[in-house]
There are 8 protein chains.
Amino acid sequence: MNEMDVLIVAGSENDLPYLKPAIEVFDHFGLVYRAFAVSAHRTPADLDPLIEEAHQAGVRAILAAAGHAAHLPGVIAAKTLLPVVGVPVPSSVLKGIDSLLSIVQMPGGIPVAAMAIGEPGAKNGALFIVRFLALTSDPLKKKLEVYRKSMAEKVREGQFGYKPKK
Amino acid sequence: MNEMDVLIVAGSENDLPYLKPAIEVFDHFGLVYRAFAVSAHRTPADLDPLIEEAHQAGVRAILAAAGHAAHLPGVIAAKTLLPVVGVPVPSSVLKGIDSLLSIVQMPGGIPVAAMAIGEPGAKNGALFIVRFLALTSDPLKKKLEVYRKSMAEKVREGQFGYKPKK
Amino acid sequence: MNEMDVLIVAGSENDLPYLKPAIEVFDHFGLVYRAFAVSAHRTPADLDPLIEEAHQAGVRAILAAAGHAAHLPGVIAAKTLLPVVGVPVPSSVLKGIDSLLSIVQMPGGIPVAAMAIGEPGAKNGALFIVRFLALTSDPLKKKLEVYRKSMAEKVREGQFGYKPKK
Amino acid sequence: MNEMDVLIVAGSENDLPYLKPAIEVFDHFGLVYRAFAVSAHRTPADLDPLIEEAHQAGVRAILAAAGHAAHLPGVIAAKTLLPVVGVPVPSSVLKGIDSLLSIVQMPGGIPVAAMAIGEPGAKNGALFIVRFLALTSDPLKKKLEVYRKSMAEKVREGQFGYKPKK
Amino acid sequence: MNEMDVLIVAGSENDLPYLKPAIEVFDHFGLVYRAFAVSAHRTPADLDPLIEEAHQAGVRAILAAAGHAAHLPGVIAAKTLLPVVGVPVPSSVLKGIDSLLSIVQMPGGIPVAAMAIGEPGAKNGALFIVRFLALTSDPLKKKLEVYRKSMAEKVREGQFGYKPKK
Amino acid sequence: MNEMDVLIVAGSENDLPYLKPAIEVFDHFGLVYRAFAVSAHRTPADLDPLIEEAHQAGVRAILAAAGHAAHLPGVIAAKTLLPVVGVPVPSSVLKGIDSLLSIVQMPGGIPVAAMAIGEPGAKNGALFIVRFLALTSDPLKKKLEVYRKSMAEKVREGQFGYKPKK
Amino acid sequence: MNEMDVLIVAGSENDLPYLKPAIEVFDHFGLVYRAFAVSAHRTPADLDPLIEEAHQAGVRAILAAAGHAAHLPGVIAAKTLLPVVGVPVPSSVLKGIDSLLSIVQMPGGIPVAAMAIGEPGAKNGALFIVRFLALTSDPLKKKLEVYRKSMAEKVREGQFGYKPKK
Amino acid sequence: MNEMDVLIVAGSENDLPYLKPAIEVFDHFGLVYRAFAVSAHRTPADLDPLIEEAHQAGVRAILAAAGHAAHLPGVIAAKTLLPVVGVPVPSSVLKGIDSLLSIVQMPGGIPVAAMAIGEPGAKNGALFIVRFLALTSDPLKKKLEVYRKSMAEKVREGQFGYKPKK
């Protein structure tokens, strides 16, 4: 495995599509990532080598998405000291409230940064990672400022009837 | 570790008192058990040797209790083929609804048998284990029949004014 | 009724389709089962003879699925000492949270092993039964090990870009 | 068992105190009742003779209270054609939302009349029974009218500063 | 208005279709009813004359269905001493949990008999009314017994593979 | 009844203490109010004369607080064209989520302005009324500006270590 | 910006369609409004000039709608002394319960008047504003009385079989 | 303001005690922080200068805690490009489920990293910040490894009867 900024892990193949907004953010910011479907429950033995390789590849953040009793982000956070961001996937009949509580209610000691349920959470998970990687990268910080402005512009185009005076 | 019927694991020292009703059931039925506090998140490396020793000690059931984002029963179920029973502990401000969903909403493939939140769940978790161990033990089955009758008697003593004609 | 390993009961004809994943598991493992729609409320008198026949047929586990105020698994557990596994069916407008609480929150004394809402729960209910039946059947235990590995392989095929080094 | 208007059943001895407001209502209206603790799960066999005796005693309404996975009212309603009123008891850590859903979400065919969680529900359950018994009893109807007026008077005494002009 | 057994009121025209199962039950049992859409909020002044006419028509039960903040059953129960049965309608984005709590959580003093959310609740609301009207009508009681048996038969036809020995 | 700015109504005597923060706000702003306990269910007949008198007294806002199935604010809003503000009271075992949904989920046509559950809601209900009364009263508007500043000062005193430069 | 009665703000372009019922109400009552999509999070800097212009245009009420963690109404209420009405939008997978709690549970000091989730809330938000603007406008008050009557008429047309005697 | 690693902001003075576990973590790791009570609603004008000074003091992370409709973390995240971690405080009668949803359900574009409700969340929020600051600080990384080990040791001391063989 080559150099890599972010490791993306989904709890199942079906959870991967929810991560598309995260991948678009990483592409936009030029971060190197790879995405895998590894189940905390069905393929737990695959997590250790994957995390080990991620450490060796210089990964600086892990984005983990899972549904139902979503243990994946917490289980990963227990196996690494890297920052882990969790995205609850609305794949069960409970629409992700189970995933959210399983991710956000981590007991004290092993932190996971929880995001919103589903696609907004995937986008924000990636943007949050960009925020802390930008702490030590001026080019990334500048891209982030530009991104923020163009996002605001886009909201403004959607406004009908109002543009603030510059 | 000597021969053992049931392995009891709590996610933290604070969760152990909730398991007292389970221990009373195992004592009543003469099942050999040992109880440990092992955190799926803070001491995940301790789980593998513990489960390994349990296999060697001939353990036939695992009772796991945890609160908050309660991953412990699911994480154990992913590491063994033994039946795992999960008890949600009401240790968070959400009173155990987080623990319950984190335990019961396991995705298809790795089963955990969820019980009620807190002490009724601990008692029933132990009784459920007795039920399936009694499938192949006539003495246990007989004890279970007696237990059931004396439980009914106790309910009847609490009744005021009514006793069914025998 | 001939020899039978598992009795499957659904609270209504409409709940039966949710049990398909359980039936696939039992077929895979060669367990003998029969499935019935018996309502705890509309046909309660049918439960006693059904359970009686199940006892005589040597049944060792009961899988019961129900929706709404899902009393069926608890009512069956009160009439037998066999292990009863409950699957909450998302057939009401509340999407199964009512079924789940009606099944999992059993008071102390009469245990029901609750599974996830809907199809993942049906699959896991069957797999949980296989787990405890495998305690006393080496062929079943071996099949379970193979099943577990092929499930992991299937997850791995869904991964894009990652396979652990053997 | 002598002549009796109402049969009161609580799912456990601990649930009986919640029924005090119901008993006060029945006493006030001079209805004959008897109260029992019979568990739908732990003493299910006691239900049939109890209901049978109730039928013979001329009972015209059953008030059933239970907590957790509160099956009692539904199970009774399945065994009789008498009107059954269910009171959810807040005896679990979930404060009765489990009891409420287990009672109110009865599937079509077997009706239970659900009341509010806890003591207001017990009081209203009794008053509801008085309402339909008053359909065929003029003395009861008159008492109900008086009760209603004195209840209003009591609310008015609690008002500070306002009394409607007569 | 002629003689009438049951008054049916829905909180809005849109809530009326949910009451179809109730109407089928009343038709089946030969009960005379009339149905109206009267809003507790938008046409509150219509409630008083409607209830007054119902009293004069000899109505013995009121079935009220409403959605959202479903005040209708409680508001009616405050204006009459007749038994009022409330059916929560799942017409809001919250799928009826708001309607259910607005109907079932009545404070002590003014009882409403709450049924399940939506169509099962409508059916059961009507059947509950039949139950207490049958207390003083032998023909109704007999019809109810027949209804119950044919309902059980219908469940049995849906069973595959099982019929209890007569 | 003399001239009055605000009518305060609580659903029961027990709900009145929750309104203390509202009364403090009205006192602070010199608004004339009177407070009553009138139950939408137990004393519905008192509402009409009370509202009629309020109209005659020149009342310009109604603050209504209630718990459980909290119909009071909606029932009042259906009887007047004055703006009605509703405060959900956490008086039931459900801690006010029932009160909140019963107040906020009003169907389209009859508006109630819902506030937070309990004391923060009572305070804000009063402040919201001040806001719209200040639209046509410069003295009130000035008092509101002063109030806002002193509230900010109070927050700042609670800060440790930080005061913004003026 | 010219004279204006009401400022409408939606948290995103996607939330605007939910406001159509509010706009119909304002059109019906001849209130002058303008609607904008301004995000409390993505374009927070646009809020200050917008509110400033609203003040200058004589705006007397602000209707703000937002979904997810719906901060917009609260953030606006913190920047103005005008009355702010909040409409929770069901745009997330949680169907607006998140939006509702984010809007209604404002801490004491900064009031927001919360309405029902989605379109009924938008309609009522506008009608609530009409109510308090009508306090000082007789023509508006008269229109409101007419509106109320025609709304009642419309409900009555939906009734089948019943019209109150005039 | 001198050099500072972390800015801590609580929504009110009452929310500060919940942050004690975070402060203990920062003290342990030798991170420089300052804590303030600034309300997103009552003192919004204080946020801009505070954030500006934080930027100048070289702050690399913001930990924000708030209760009820907890807008603070999102409002801060909208005003900075620094990573913002949000801790939901259980200060309302809803025990923090309102705070949690108001923090975690941020719409796409402005990320907030949500932690568990209350003290476990405060501790984990601080530990998460340590994780990403350790990405570029070897001493911090080493301290984190030591911390992790001693946390595991402490869990093990709480175990009764089990220590893994080294």
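Reading guide: rules and limits
- Residues numbered from 1 in each chain as written.
- Chains lettered and ligands numbered in written order.
- Predicted model: local features only at pLDDT ≥ 70, side-chain atom pairs only at ≥ 80, totals over all residues.
- Heavy atoms only, no water.
- Helix = DSSP H or I, 4+ residues; strand = E, 2+ residues; numbered from the N terminus.
- Buried < 20%, exposed > 50% of the residue type's maximum accessible area, 1.4 Å probe, protein only.
- Least-squares fit on C-alpha atoms with pLDDT ≥ 70 in both.
- Contact = heavy atoms within 4.5 Å.
- Right-handed = clockwise from strand over helix to strand, strands pointing away.
- Buried area = accessible area lost by both parts, 1.4 Å probe.
- Salt bridge = Lys/Arg side-chain N within 4 Å of Asp/Glu carboxyl O.
- Polar contact = N/O pair within 3.5 Å; in protein donor to acceptor, adjacent residues only side chain to side chain.
- Axes fitted to C-alpha atoms, helices over the stretch in contact; angles between N-to-C directions.
- Parallel < 35°, antiparallel > 145°, perpendicular 65-115°, else oblique.
- Nonpolar A, V, L, I, M, F, W, Y, C, P; charged D, E, K, R; others polar.
- Phe/Tyr/Trp six-rings, centres within 6.5 Å; stacked < 30°, edge-to-face > 60°.
- 1 Å grid on protein atoms, 1.4 Å probe; cavity = no way out; pocket = protein on both sides within 12 Å on 5 of 7 lines; lining within 4 Å.
- Points joined across faces, edges and corners; volume = space filled by probe spheres on them.
- Patch = residues over 30% accessible without salt bridge, like charges linked within 9 Å, V, L, I, M, F, W, Y side chains within 5 Å.
- Areas by Shrake-Rupley, 256 points an atom, 1.4 Å probe, with all protein chains shown as cover.
- Lys, Arg positive; Asp, Glu negative; His and termini not counted.
- Charge placed at Lys NZ, Arg CZ, Asp CG, Glu CD.
- Pairing = 2+ DSSP bridges.
- pLDDT = per-residue confidence, 0-100.

A. Focus on the overall build of chain A. Across its full length, chain A carries six helices and five strands. The N-to-C order of helical and strand elements in chain A reads β-α-β-α-β-α-β-α-β-α-α. Counting only C-alpha atoms, chain A reaches 55 × 40 × 30 Å along its principal axes. When the 166 residues of chain A are sorted by exposure, 69% land in the buried category.

B. Here's a closer look at the relation of the copies chain A and chain H. When chain A is fitted onto chain H, the two copies agree to an RMSD of 0.0 Å after a turn of 180° and an axial shift of 0.0 Å. Those values place the two copies in the arrangement expected of a two-fold rotation axis. Both copies share a contact surface, since 100% of the interface residues of chain A are interface residues in chain H too.

C. Quick look at helix α4 (residues 97-104) of chain G. Across the eight residues that make up α4(G), a large majority, seven, are buried. Those residues of α4(G) that sit buried are G:D98, G:S99, G:L100, G:L101, G:S102, G:I103 and G:V104.

D. Quick peek at the pairing of strand β3 (residues 61-67) of chain E. Within β3(E), seven of the seven residues are buried, which leaves the element mostly enclosed by the surrounding structure. Each parallel crossover has a hand, and the one from β3(E) via helix α3 (residues 72-77) of chain E to strand β4 (residues 84-89) of chain E is right-handed.

E. Focus on the interface of chain A and chain H. On the chain H side, the residues contacting the 40 residues of chain A number 40 residues. The contact between chain A and chain H buries some 3300 Å² in all, and 67% of this surface belongs to carbon and sulfur atoms. A per-residue breakdown of the area chain A buries against chain H is headed by A:L81, A:P111 and A:R131, which together make up 23% of the total. Taken together, chain A and chain H are joined by zero salt bridges. Remark: the boundary between chain A and chain H carries 25 residue pairs in polar contact (both at pLDDT 80 or more).

F. How the structure looks around the relation of the copies chain F and chain G. Mapping chain F onto chain G is achieved by rotating through 180° and translating by 0.0 Å along the same axis, at an RMSD of 0.0 Å. Both copies present the same face, since 100% of the interface residues in chain F are matched by interface residues at the equivalent positions in chain G.

G. Focus on the packing of helix α1 (residues 20-29) of chain G against helix α6 (residues 138-158) of chain G. Residue and element names in this part refer to chain G. Running from N to C, α1 and α6 point in directions that differ by 120°, and their axes come no closer than 10 Å. Here α6 runs oblique to α1, going by the angle between their axes. Between α1, through V25, H28 and F29, and α6, the contact on the second element is made entirely by L140, K143, L144 and Y147. Partitioning the contact of α1 with α6 into residue classes produces five nonpolar, one polar and one charged.

H. Representation of the interface of chain F and chain G. Contact with chain F, which involves 40 residues of that partner, is made by 40 residues of chain G. Buried area between chain F and chain G, summed over both chains or domains, comes out near 3300 Å², and the portion from carbon and sulfur atoms is 67%. Of all residues in chain F, the largest losses of buried area upon contact with chain G belong to F:L81, F:P111 and F:R131, amounting jointly to 22% of the total for that side. Applying the counting rule to chain F against chain G returns zero salt bridges. Linking chain F to chain G there are 25 residue pairs in polar contact (both at pLDDT 80 or more). A total of eight residues in the side of chain F that touches chain G trace back to one element, the largest contributor, which is helix α5 (residues 119-133) of chain F. When the residues that make up the side of chain F that touches chain G are grouped by side-chain class, the tally is 28 nonpolar, six polar and six charged.

I. Examining the packing of aromatic side chains more closely. Inspection of the entire model under this criterion finds 40 aromatic pairs over all chains. Seen from their ring centres, E:F128 and E:F132 are 5.8 Å apart, and the 75° between their planes marks the pair as edge-to-face. You can see E:F128 and its partner E:F132 sitting in helix α5 (residues 119-133), four residues apart, about one turn around the helix. Residue E:F128 shares its accessibility class with E:F132, and that shared class is buried. Through successive ring pairs, a cluster of aromatic residues spans A:F128, A:F132, H:F128 and H:F132.

J. The arrangement of the layout of surface pockets in detail. In this structure, the largest pocket spans a volume of roughly 1700 Å³. What lines the largest pocket is a set of 40 residues, among which B:I97, D:I97, F:I97, G:I97 and H:I97 lie closest to the centre. Among the elements of the structure, α4 (97-104) of chain A, α4 (97-104) of chain B, α4 (97-104) of chain C, α4 (97-104) of chain D, α4 (97-104) of chain E, α4 (97-104) of chain F, α4 of chain G together with α4 (97-104) of chain H are those that each provide at least two residues to the lining of the largest pocket. Tallied by class, residues from the lining of the largest pocket come to 32 nonpolar, no polar and eight charged.

K. View of a positive patch on the surface. Together, A:K95, C:K95, E:K95 and G:K95 make up a positively charged patch on the protein surface. Here A:K95 lies in the loop between β4 (84-89) and α4. Residue classification places A:K95 among the partly exposed positions, given a relative accessible area of 40%.

L. Expanded view of empty space enclosed by the protein. Following the criterion strictly, the structure yields 13 cavities of 30 Å³ or more and no others. Counted as a void, the largest cavity has a volume near 120 Å³. Residue lining of the largest cavity: G:A40, G:P44, G:L47, G:V75, G:A78, G:K79, H:A40, H:P44, H:L47, H:V75, H:A78 and H:K79, and that is the complete set. Of the residues that constitute the lining of the largest cavity, the class distribution is 10 nonpolar, no polar and two charged.

M. How the structure looks around the arrangement of the chains. For the non-touching pair chain A and chain E, the nearest C-alpha separation works out to 13 Å. Across the gap from chain E to chain H, with no contact made, the nearest C-alpha atoms are 16 Å apart.

N. Region of interest: unusual backbone geometry. Of note in this structure, E:H68 is not a glycine but carries a positive phi near 55°. Looking at where E:H68 falls in the secondary structure, it is placed in the loop between β3 and α3.

O. Summary view of the pairing of strand β3 (residues 61-67) of chain G. Residues and elements named next belong to chain G. Neither face of β3 is open: one carries A61, L63, A65 and G67, the other I62, A64 and A66, and all of them are buried. Note that strand β1 (residues 6-10) and β3 share five bridges and pair parallel. When the sheet's bridge partners are listed, L7 is paired in β3 with I62. As paired elements, β3 and strand β4 (residues 84-89) share six bridges and run parallel to each other. Within β4, the position partnered with A65 by the bridge is V87.

P. Seen up close, the confidence of the model for chain A. Per-residue confidence for chain A averages 94 on the pLDDT scale, and 95% of its residues sit at or above 70. Both confidence scores are given for the complex: pTM 0.96, ipTM 0.95.

Q. Quick peek at the pattern of salt bridges. Evaluation of the coordinates by the stated rule reveals 40 salt bridges over all chains. Linking C:R60 and C:D5 is a salt bridge whose minimum nitrogen-to-oxygen distance equals 2.9 Å. Taken together, the residues span a long stretch of sequence, with C:R60 in the loop between α2 (47-56) and β3 (61-67) and C:D5 in the segment before β1 (6-10) at a distance of 55 residues. In this structure, a network of salt bridges that share partners links the residues A:D46, C:E153 and C:R156.

R. Summary view of the environment of H:G125. Residues and elements named next belong to chain H. Tracing the backbone through its elements, the reader meets G125 in helix α5 (residues 119-133). For the pair G125 and L19, spaced 106 residues apart in sequence, the C-alpha to C-alpha distance is 9.5 Å. Setting aside its immediate chain neighbours within four residues, G125 contacts L63, V85 and M115.

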